[in-house]
Amino acid sequence: MKVLFIDEYLPQEMLGIMYLSRAIKDAGHECKALFIPDREWLVKLLEFNPDVVCYSMTTGMHLYFADVNKKVKEALPNVISVAGGPHVTFVPEYVETEGMDAICRGEGEEAMVDLLNRLQKGESINDCPNFHVKDRKTGEIHKNSPRPITAKLEDLGFPDRDVVYESGAIYRESDRKVFVTQRGCPMPCTFCFHHAWKKKVYNLRNSEYVRKRSVTHVIDEINACRKKYNLKFVHFVDDIFNLRNDWLEEFCERYPKEVGLPFDVILMANMTTEKHIEWLKKAGCVYARIAFEAASDYVRNAVFKKHTTRQQLTDAAGWIRKHDIRLGSLNILGGPGGTIEDDLDTLRLNIECKVDHPMASLMQPYPEFEINEITKDMGYAIAGYEDFPTNFRRTVPILYDYKHELENLHKLFTLTVRYPVLLPLTKRAIKLRGAYRPLLVLSMLHAEFLVAEQAKIYAKAQGLSGPKYWTWVDFGYRLSTKGVLRVYQTFFAKHFDRFSRTPREIRMRLQMGDERVVAHMD
Ligand code: B12
Ligand code: SF4
């Protein structure tokens, strides 16, 4: 069978597609990826002429992909359209969308191979585990429970990078590539997908759900990737890199000798010790992020269930700075049950910890996450999922009466953390109605500056130097290029095809590894 993944250009390569492609190819099927916008995308689609078209979906992107799938079906009416990923796992009713044939709940490697084998043999897929399937003739929906998850991650092999790098030059050429060493998370944080995935989808214990690859397997994958592709910086997307003490110690001991490339990680404050930071520093870690989420003990622990004391946050942050690793923080503003004063306190915590690279998102109570029920139980109204922003750094979909203050504060957050002298001004500015747009522009400019600053640190870690890496020069280059692209988009883009690739590609190249979009999670 011929399978085509269609995805949007994202600021880093998609491990989900790469893992699925590994399984699909190993089972003897063909697999390709296509990234849009691409002026040629329909031509490429027809050329490849797939039997199955796949989409990987997060909440916010589901309407966009429904639109893309409509065009796919117009071009290839017999193709089978399958969606997977977090959104459809939690909102399986998505299968009812016109043109969609099946959705996959949970991990997809074995499920996808089973589905393709059945299709190849001409068998029915109506009872294929993991899938909700819409019968093409009757329109009836068949709902099947997921099969057990893959217990040993090594059995999945290395993710197939070729599938993404062959179609996406920006991913192939990028110095920084993405790796993951584990699946699952033992923590119950209410704003994150893990507890829902673990309990509502699979009903598993932590010992079954949390899996870690061996250090050898991870190092072998990095070295194999390096042999074939350009790789100078390793970006680990693991939710908690210091999940296991023994694993971390072995990794930090072997990695500098067997790989020796700079890397970045996300750490969990309540699991972090100073020893971890010492090991990581020696191993070549140049950047570590800690999830603060909220300074208010009530919001952080009672509402978010983060199980982390303020002391653990300040200790972890202090050790990272002490050992001269760039310190990043992840924060969520607008937690239900909190106030604008609590969010200002989160800002003060970041100032106290002297965070180099503060990051904040606005609360998004995604479907089936416990935070969604908590928010509703507290009496707040939430916008429909169709109105959720595709980007969680823009607006909050909870209808707070202090919504405008919250969104304004969010836009001034990083600037004020880095320049605390602005705090009194920030407190006044957030009250201004109609300030959203200018503050958004200001926050984007400052985020661009932080990215240039980060790029310099990454370059230094790779032994690269020169004016092009100076923060202000890089900042100027980024701004002018993006400015030109913005003008092009505003005045000229409408004269070209909606799926025109070049300007979008230039922007994506600038955004590859961009901290604003990459470090959105812990
Ligand atoms: C790395 C990452 C990113 C990267 C890359 C995203 C990507 N699509 O690969 C970047 C930085 C670009 C990103 C952006 C965003 N992300 Co993100 N991201 C992650 C993170 C930390 C890891 C994803 C990953 O690589 N996992 C490992 C791979 C192997 O697993 P997987 O992708 O889930 O795929 C498996 C299954 O889902 C399934 N599957 C997936 N697709 C398909 C398709 C088919 C056809 C089938 C059969 C199966 C299937 O099978 C795969 C293999 O088992 C997850 C949290 C996590 N730990 O998973 C959040 C997560 C996916 N992100 C999330 C969010 C909210 C976002 C953003 C909306 C944030 C924003 N900017 O506002 C954007 C959306 C961008 C987009 N269109 O995807 C949420 C999604 C919640 C939801 N309900 O949708 C998650 C779950 C984090 C959370 N809050 O809990 N993200
Ligand atoms: S927010 Fe982080 S610690 Fe909490 S469940 Fe999600 S990945 Fe785990």
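Rules used throughout
Residues numbered from 1 in each chain as written. Chains lettered and ligands numbered in written order. Predicted model: local features only at pLDDT ≥ 70, side-chain atom pairs only at ≥ 80, totals over all residues. Heavy atoms only, no water. Core = buried A, V, L, I, M, F, W, Y, C linked by side-chain atoms within 4.5 Å. Buried < 20%, exposed > 50% of the residue type's maximum accessible area, 1.4 Å probe, protein only. Contact = heavy atoms within 4.5 Å. Pairing = 2+ DSSP bridges. Helix = DSSP H or I, 4+ residues; strand = E, 2+ residues; numbered from the N terminus. Axes fitted to C-alpha atoms, helices over the stretch in contact; angles between N-to-C directions. Expected span 1.5 Å × (residues − 1). Arc of directions from axis to C-beta. Polar contact = N/O pair within 3.5 Å; in protein donor to acceptor, adjacent residues only side chain to side chain.

## What to know about the nonpolar core
Phe-236 and Phe-263 are the most contacted members of the largest nonpolar core, which totals 90 residues. When near neighbours in sequence (up to four residues on either side) are disregarded, Phe-263 contacts Phe-233, Val-234, Phe-236, Phe-251, Tyr-255, Leu-280, Ala-283, Gly-284, Cys-285, Val-286 and Tyr-287. Judged by nonpolar contacts, the second largest core, of 38 residues, contains Met-112, Phe-131, Leu-153 and Val-163.

## Describing the sheet that holds strand β4 (residues 80-84)
Spatially, β2-β1-β3-β4-β5-β6-β7 is the arrangement adopted by the 7 strands of the open sheet, whose pairing is mixed. Each end of this open sheet is capped by a strand with a single partner; those strands are β2 (30-36) and β7 (141-143). On average, adjacent strands in this sheet sit at an angle of 20° to one another, irrespective of strand direction. As paired strands, strand β5 (residues 102-104) and strand β6 (residues 131-134) are joined by 3 bridges and run antiparallel to one another. Looking at β6, one finds that Cys-104 is bridged to Phe-131. This element, helix α1 (residues 15-26), spans β1 (2-8) and β2 of the sheet and lies at about 175° to β1. Here helix α5 (residues 109-121) sits on the sheet and contacts β1, β3 (52-56), β4, β5 and β6; the angle it forms with β3, its principal contact strand, is near 165°.

## Focus on helix α3 (residues 62-75)
Taking 1.5 Å per residue, 14 residues should reach 20 Å; α3 reaches 20 Å between its end C-alpha atoms and fits that length. Within α3 the residues assigned to the buried category are His-62, Phe-65, Ala-66, Val-68, Asn-69, Val-72 and Lys-73. Each buried residue of α3 lies within a common arc of 165° when the element is viewed along its axis, so the set occupies one face. As for α3, its buried residues are in contact with β1, β2, α2 (41-48), β3, β4 and α4 (86-90).

## Examining the side chain of Thr-314
With respect to the helices, strands and loops of the structure, Thr-314 is situated in helix α14 (residues 310-322). Within the structure, the side chain of Thr-314 is placed 3.1 Å from the backbone oxygen of Gln-311, a separation counted as a polar contact. Dropping the residues within four chain positions of it, Thr-314 is found in contact with Leu-349, Glu-352 and Cys-353.

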